[in-house]
Amino acid sequence: MTHADSPEPLVPRKRPTQERSRRTFETILSSARDVLIDVGFDSLTCEQIAQRADLPIGTIYQYFANKYVVVCELDRQDTTAVSEELSAFASEIPSLQWPQLLEKFLDHLAELWRTDPSRRAVWLAVQSTPATRATASITEKILAEQVSRILAPLTPTSERDRRQMMAEVLVHAAYSLLSFSVQAPHHHEEVVGELKRMLAGYLLLEESIEGA
C-alpha cells in the first residue's frame, strides 16, 4: 500500500523544536506553496521543493516522507490560520448578531481566497487521494468543532452530534464554494453572495425549527 492510498493520517516525520529548525521547516512549506501554485499538485515533487528552498533533498525528507505529507501540512497551516481568525471574529459576539458575524467572516475568507491563489491550490491538492482527503477531513473537523461551539447559542436544544454535523457541513460547503469562486474570478462576488445566502438560509431554518 502506498502513502497515497494509506488510510493513516499524513503527518510530518518530526516537528521542529529549535528556532533554526523551525525556520527550515517554514522555508520548506513556503517553497512548497510557491511550487504548488506554479506547477500544480500532479507535477509537484520534493526535488522541486528542495531546489526552490535551496536545501538538500535530504533535509526535506528529514521532515516529510513525500509530497502528500507536505500538502497536508500546508492544509493544516491554512486551517489553523482560519481558526485563529474565526476566534477573533467570534470574540465580537454578542456585539454582532450571528447573521452579521457570518457575513463579515465570509467576506474576510473570500478576500483571502481571492488574493492568495495557494488557498485553492492546497485545497485541491488534499482532495486528490484517499489519504490526503482523510487527513484533510480530520483537520476540517477540528475547525468544525470550533464552529459548533459558536453555533451553540443558536441551537441550544440540538444534540451535540447534530450541531457538529451542521458545523462540518458549513465548513466543507464554505471551503468548496470559496475554491469555486476563485476558479471563475469574473463571478467571484456572485458566488460568495450565493454562499452567504445558502449558509444563512441553512442556519435560519435550524433556528426556526429550534423555536417551533
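The structure we're discussing is the one just above.
Bear in mind the structure is a predicted one, so any value in this text is a computation, not a measurement.

A. A look at the overall build of the protein chain. Secondary structure summary: the protein chain contains nine helices and zero strands in total. Listing each helix as α and each strand as β along the protein chain from the N terminus yields α-α-α-α-α-α-α-α-α. Considering the protein chain as a whole, with its 212 residues, one finds that 45% of them fall into the buried category. Here the contacts in the protein chain between residues at least 6 apart in sequence split such that 67% fall between residues at least 24 apart.

B. Unusual backbone geometry, seen in detail. Despite not being glycine, Asp54 has its phi angle at roughly 55°, a positive value. Looking at the element boundaries, Asp54 is found in the loop between α2 (46–53) and α3 (57–63).

C. Main features of the packing of aromatic side chains. For the structure shown, the criterion picks out four aromatic pairs. Judged by centre distance (5.5 Å) and plane angle (70°), the ring pair of Phe25 and Tyr63 falls under edge-to-face. Remark: Tyr63 occurs in helix α3 and Phe25 occurs in helix α1 (residues 19–39); sequence separation between them is 38 residues. No difference in accessibility class separates Phe25 from Tyr63, as the two residues are buried. Where Phe25 meets Phe64, the ring centres are 5.3 Å apart and the plane angle is 25°; that geometry is what we call stacked. With Phe25 in helix α1 and Phe64 in the loop between α3 and α4 (67–90), this pair connects stretches of sequence that are 39 residues apart. This pair shows no difference in class: Phe25 is buried, exactly as Phe64 is. Site record: aromatic cluster; members linked through ring pairs are Phe25, Tyr63 and Phe64.

D. Just the environment of His108, in detail. Note that His108 resides in helix α5 (residues 98–115). In sequence terms His108 and Glu85 are 23 residues apart; their C-alpha atoms lie 9.1 Å from each other. If near-sequence neighbours (up to four positions away) are discounted, His108 is found in contact with Glu85 and Phe89.

Rules used in this analysis
Residue positions are given per chain, counted from 1 along the sequence in the order it is written. In keeping with the predicted nature of the model, local features appear solely for residues at pLDDT of at least 70, side-chain atom pairs appear and are counted solely at 80 or more, and the whole-chain, interface and lining totals rest on all residues. Hydrogen atoms and water are omitted, and side-chain values are computed over all heavy atoms in the structure. Under the scheme used here, helices are H or I runs from DSSP no shorter than 4 residues and strands are E runs no shorter than 2 residues, and both carry numbers assigned from the N terminus. When accessible area is computed with a 1.4 Å probe and restricted to protein chains, residues below 20% of their type maximum are described as buried, those above 50% as exposed, and intermediate ones as partly exposed. Any two residues whose heavy atoms approach within 4.5 Å at even a single point are treated as in contact. Paired rings are identified among Phe, Tyr and Trp, the last through its six-membered ring, by centres lying within 6.5 Å, and are further divided according to the angle between planes into stacked (under 30 degrees), edge-to-face (over 60) and tilted (the rest).

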